[in-house]
Amino acid sequence: MDRQRPPNLLAGERSPYLLQHARNPVAWEPWGDAAFDRARREDKPVFLSVGYSACHWCHVMERESFDDEATAAYLNAHFVSVKVDREERPDVDHAYQLAHQLVAQRGGGWPLSMFLDADRRPFYGGTYFPPAPRHGMPSFREILAAIVEAWTQRREDVRTQAAELAGTLARVATRVPAPGEPSTELLAAAVARVLPRIDRAHGGFGAAPKFPNTMTHDLLLVAAVVERGARAKDAGDAVLLTLRRMRAGGIWDHLGGGFARYSTDAEWKVPHFEKMLYDNAQLLRLALHASRLLQHRGAPGSDVAAMLGVAADTAAYLDREMRDADGLYYSAQDADSEGEEGRFFVWTPEQVVAAAGGADAEAVCAMFDVRREGNFEHGRSVLWTPRSVETVAAALGLDVEAVTAAVERARPKMLAARESRPHPMRDEKCLAAWNGLALGAAADLAATVGDDAAVASARGALLRWRDVGFATGRLAHAVKDGEAYGRAFLDDLGGLAGAALDVFEATFDGAALGFARALLDEVLAHFVDAASGGLFFAADDAEVVLHRAMDPSDHAYPGGVGLATMALLRAADLTGEARYRTAAERCLAASVTSAKDHPLGMGSVLLAADRAARGPMTVVVVGDASRDDVRAMLRSARTWLLPHRTLVCATDEAHAAALGVDPSWMQGRSGGAGGAPVAYVCRGTVCQRPAADLDGLATVLRAALAPV
Amino acid sequence: MVARRTLAGERISGYARGMRNATLAIDGMTCGGCVMSVKRVLERLPGVTALQVDVGEARLTADEALAPEATLRATIERAGFTVEEIDWSPA
Ligand SMILES: [Cu+2]
């Protein structure tokens, strides 16, 4: 990019991805009426390019084509060029990805390259195009020339194509599925379908490339405690295998913590190095749940601690590198630095010696598989731990303790050395949906381990979203540099409402529950389809991009329908308000039929449907949450993997009502002598006897979790 | 199913005819958890309004056509509780 060149119209945007393109020679415009009005005035087709900042092939296409003067001149002469950040406008992305799928008869991806008329109707499209023809793929310039030829010589064909596609899109995007009913059999059926697809050698689903697929693992973890016998054991084992193998792989950042987006191979060894907030948020929660499963199974304390460590190290990475001054979470970190993919993260033996010192380097290189010839590209190695510390120690003729100590000494030194390298770009816009996933998981972890500062930090970030992101009484989609912008989508409201409920269960601060209700009230007021009960992705007063779409699917993170219905059910359980439950049940009824057919793509809907069918598992602790003995009781409850947990702590009915919790929960329930806590556990409609101490609580929870 | 029931429930809520108050004595309820369970199942029934639940008792207004005594009993018993007796009075 040329710093001298005058900027194009993206220079006034907030998205870091759009700003990256502000000095392309392409006369990019942001999505909006102005661009399409100009296309109409000048009788030009629109070239729509959708991408995001951590997208490797988006950068490649930018370097090859959008920064190329000749290509830019051609685009500027014959097209109106529009650039969209899919993270800012997931509605635009969803609409045109669907169009691409219909045109190309295969899945899309990024960068997405679509050609539209001035009515925004697509008529042709693809994804990445190379600068020169390659592997039978036409070059970008050839595509552009073909579009111009069709536009000027065969306009009638273009019109017909656009009209036909618009018709098909209308049918597909607004299709109403057959209604169904949530039932507990849905989970069992989904688990039976996905378990055979687990990679028994390396964990995860499928072969290469391998994505974490966290939503499916979430389902397996619920199955691990609600199903019986071999099926339950299998489901839990699968999650533990995936997490342990990911933790040993190069997809895990062995120095800084956190996970890269996906692995290029089946064994999690060589990742695509970008780190996305949503993956780390979800994997943090999955590892926390997995540590609870281990404790439930009576695993050795060191195993529980190791799994909890995955969650804690991920949280530490997010705290260190991914939060702004107000504690809000950034979106992503790029894969490339110094023009090379992964350069920031990979090592040569010389670099290890320089950072860790000669004495420890041999053990460190052996442990992390740093080789002379490199296990990656250009003689560099991705850090991973394919061999156990015992195997490495035996090979080197050292004690296990000596190898462990060398690695522990080297880790902070190598992290510090890495910090001095040029960093990959960080996308510093904060998205409501992804922030919800992250701060909810962080609050749950912090409350579980008793980290008061981290609980307070999560609460602070939530209230910041309320005060800045919700200042108008409607949630914004994003906050950047302390300023809110964009209209929230369903996943923003559902995700942040879920986080508010997590913060409530970590703090019993009525403000958090109040914020959750306000967000869910916005869902009820602006997203419900009165006819089917389904929830739209965009609000009733938001821009309609081609069609007002309903999309119950998960993408790389839970979809809006799953997030919102789960938050509605949780809020209904806490507040006793039937309207939240009714809305969730109506939406789930409209969504479960497709979820049944696509368990791998709709995990979050299946999870919510399971909660609707099974009811919550509730722990009510009667007591004052500022007392140490009450806190100890709550912490103990949090170490269990309680399916569809609802956690309440209040002193009496009046206190519960003041928090916004249905006071009925407190009926016939009292604390112990002198304010000592008493815990009341219910699963579905079955209540356990009260527990007045930690042993009693463990006994009661064990009984409540036993298969019924 | 859920959608139709809810719509029906909303549509009939203005009727004056056929509405009666009921007080149900329920056995097997011991605590607030049971109260929430009974609430959860009754509030989904079309024709049930003005619902109030306490340990051992539920009070509600029922549309006889949509929520007759047998339906109320069956609903509560499916949730694991027993209906001891139902007292009806004019709404
Ligand atoms: Cu009870």
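One numbering rule holds for all chains: residues counted from 1, following each sequence as written. All chains are assigned letters beginning with A, and all ligands numbers beginning with 1, in the order in which they are written. Residue-level local features of this predicted model are given only where pLDDT is at least 70; pairs of side-chain atoms are given and counted only at 80 or more, and the full residue set underlies all totals for whole chains, interfaces and linings. The side-chain quantities take in all heavy atoms of the structure and omit both hydrogens and water.

Student: What is the right way to read the overall build of chain A from this model?
Tutor: Counting secondary structure elements, chain A contains 26 helices and 19 strands. In terms of overall dimensions, chain A is globule-like: its C-alpha atoms have a radius of gyration of 26 Å, near the 27 Å expected for 708 residues. With the principal axes as the frame, chain A shows a C-alpha extent of 85 × 70 × 45 Å. Three labels apply to residues, based on accessible area from a 1.4 Å probe with only protein chains included: buried if under 20% of the type maximum, exposed if over 50%, partly exposed otherwise in between. Per-residue burial for chain A yields a buried fraction of 58% across its 708 residues. Counting only contacts in chain A whose residues sit at least 6 apart along the sequence, the fraction spanning at least 24 positions is 68%. Only carbon and sulfur atoms are counted for the fraction: they give 53% of the accessible area of chain A, which is about 25,400 Å². Numbering goes from the N terminus for both helices and strands, where a helix is a DSSP run of H or I of at least four residues and a strand is a run of E of at least two. Radius of gyration here uses only the C-alpha atoms, and the compact-globule reference equals 2.2 Å multiplied by the residue count raised to the power 0.38. Here a residue-residue contact requires only that any non-hydrogen atoms of the pair lie within 4.5 Å. The accessible surface values rely on the Shrake-Rupley method and a 1.4 Å probe; as for residues, cover is taken only from the protein chains in view.

Student: Would you take a moment to explain helix α2 (residues 32-43) of chain B for this structure?
Tutor: Residues spaced three or four apart along an α-helix point in a common direction, a consequence of the helix completing one turn every 3.6 residues. All names here are of chain B. In this model, α2 (12 residues) spans 16 Å end to end at C-alpha, consistent with the 16 Å of a helix rising 1.5 Å per residue. Summarising burial for α2: 10 of the 12 residues are buried, a large majority. By the burial criterion, the buried members of α2 are Gly32, Gly33, Cys34, Val35, Met36, Ser37, Val38, Lys39, Arg40 and Leu42. A helix is expected to reach a length of 1.5 Å times the quantity of its residues less one.

Student: Can you help me understand the side chain of arginine 120 of chain A in this one?
Tutor: Residues and elements named next belong to chain A. In this fold, arginine 120 is placed in the loop between β4 (112-116) and β5 (122-126). Under the rule applied, a polar contact is a pair of N or O atoms within 3.5 Å (in protein, one hydrogen donor and one hydrogen acceptor; residues adjacent in sequence only if both atoms are side-chain atoms). At 3.1 Å, the side chain of arginine 120 forms a polar contact with the side chain of glutamate 543. Those residues in contact with arginine 120, other than ones at most four positions away along the chain, are Trp31, Gly32, Asp33, Phe36, Tyr96, Glu543 and Leu546.

Student: Please clarify how the state of the cysteines should be interpreted in this entry.
Tutor: Residue and element names in this part refer to chain A. To count as a disulfide, a pair of cysteine sulfur atoms needs to be within 2.5 Å. Within this structure, the stated rule accounts for one disulfide over all chains. Across the disulfide from cysteine 55 sits cysteine 58; the S-S distance is 2.3 Å. Disulfide cysteine 55-cysteine 58: torsion about the S-S bond near 80°, hence right-handed. Exposure remark for cysteine 55: the relative accessible area of 4% places this residue in the buried category. On the basis of relative accessibility, which here comes to 3%, the residue cysteine 58 falls in the buried class.

Student: Just to check I follow, could you spell out the interface of chain B and chain A for this structure?
Tutor: Accessible area lost during the coming together of the parts is what is often quoted as the interface size. Each partner contributes to the interface: chain B provides 22 residues, whereas chain A provides 19 residues. Two parts placed together each lose some accessible area under a 1.4 Å probe, and the buried area is that loss summed for both. For the chain B and chain A pair, buried surface summed over both sides reaches about 1,800 Å², with 56% attributable to carbon and sulfur atoms. Whenever a carboxyl oxygen of Asp or Glu lies within 4 Å of a side-chain nitrogen of Lys or Arg, that contact is scored as a salt bridge. In this structure, the connection of chain B to chain A is made through four salt bridges. Among the ionic pairs, aspartate 573 of chain A bridges to arginine 40 of chain B, the shortest N-O distance being 3.8 Å.

Student: When you look at the coordination of the copper ion in this model, what are you seeing that I'm missing?
Tutor: For a metal bound by four donors in a tetrahedral arrangement, the ideal donor-metal-donor angle is 109.5 degrees, while six donors in an octahedral arrangement ideally sit at 90 or 180 degrees. Here the coordinating atoms are restricted to nitrogen, oxygen and sulfur within 2.8 Å of the metal centre, or 3.2 Å for Na, K and Ca, and because water is not among them the sites may look incomplete. The coordination sphere of the copper ion contains the protein donors Cys687 of chain A (SG), Cys31 of chain B (SG) and Cys34 of chain B (SG), at a distance range of 2.1 to 2.2 Å. Residue cysteine 687 of chain A is located in strand β19 (residues 686-687), and its partner cysteine 34 of chain B is located in helix α2; the two belong to separate chains.

Student: Whenever I open this one, the pairing of strand β17 (residues 645-650) of chain A confuses me. Can you help?
Tutor: Taken residue by residue, a regular strand's side chains alternate between the two faces of the sheet. Residue and element names in this part refer to chain A. Counting buried residues in β17 gives six out of six residues, a clear majority hidden from the surface. Residues of β17 alternate between two faces, with Arg645, Leu647 and Cys649 on one and Thr646, Val648 and Ala650 on the opposite face, all of them buried. Criterion used throughout: strands pair if DSSP finds at least two bridges between them. Pairing between strand β16 (residues 617-622) and β17: six bridges, direction parallel. Its bridge partner lying in β17, methionine 617 is registered against arginine 645.

Student: Whenever I open this one, a negative patch on the surface confuses me. Can you help?
Tutor: Residue and element names in this part refer to chain B. Residues Asp27, Glu84, Glu85 and Asp87 make up a contiguous surface patch of negative charge. Ranked by residue count, the leading element in the negative patch is strand β4 (residues 82-90), at three residues. Inspection of the secondary structure puts aspartate 27 in strand β1 (residues 19-27). For aspartate 27, a relative accessible area of 43% puts it in the partly exposed group. Only residues whose relative accessible area exceeds 30% and that form no salt bridge enter a patch; like-charged residues are grouped when within 9 Å of one another, and nonpolar side chains (Val, Leu, Ile, Met, Phe, Trp, Tyr) when within 5 Å. Charge convention: Lys and Arg are scored as positive, Asp and Glu as negative, and His as well as the terminal groups of each chain are ignored. The atoms used to mark charge sites are NZ of Lys, CZ of Arg, CG of Asp and CD of Glu.

Student: Explain the sheet that holds strand β9 (residues 332-333) of chain A to me, please; I cannot follow it from the model alone.
Tutor: In a beta sheet, neighbouring strands are held together by backbone hydrogen bonds and run either parallel or antiparallel to one another. Residue and element names in this part refer to chain A. Taken together, three strands build an open sheet; the order of strands is β8-β9-β12 and the sheet is antiparallel. Each having just a single partner strand, β8 (275-276) and β12 (426-427) make up the two edges of the open sheet. The sheet contact formed by β8 and β9 spans two bridges and is antiparallel. Note that in β9 the partner of methionine 276 across the bridge is alanine 332.

In short, shape yes, function no, at least from these values alone.
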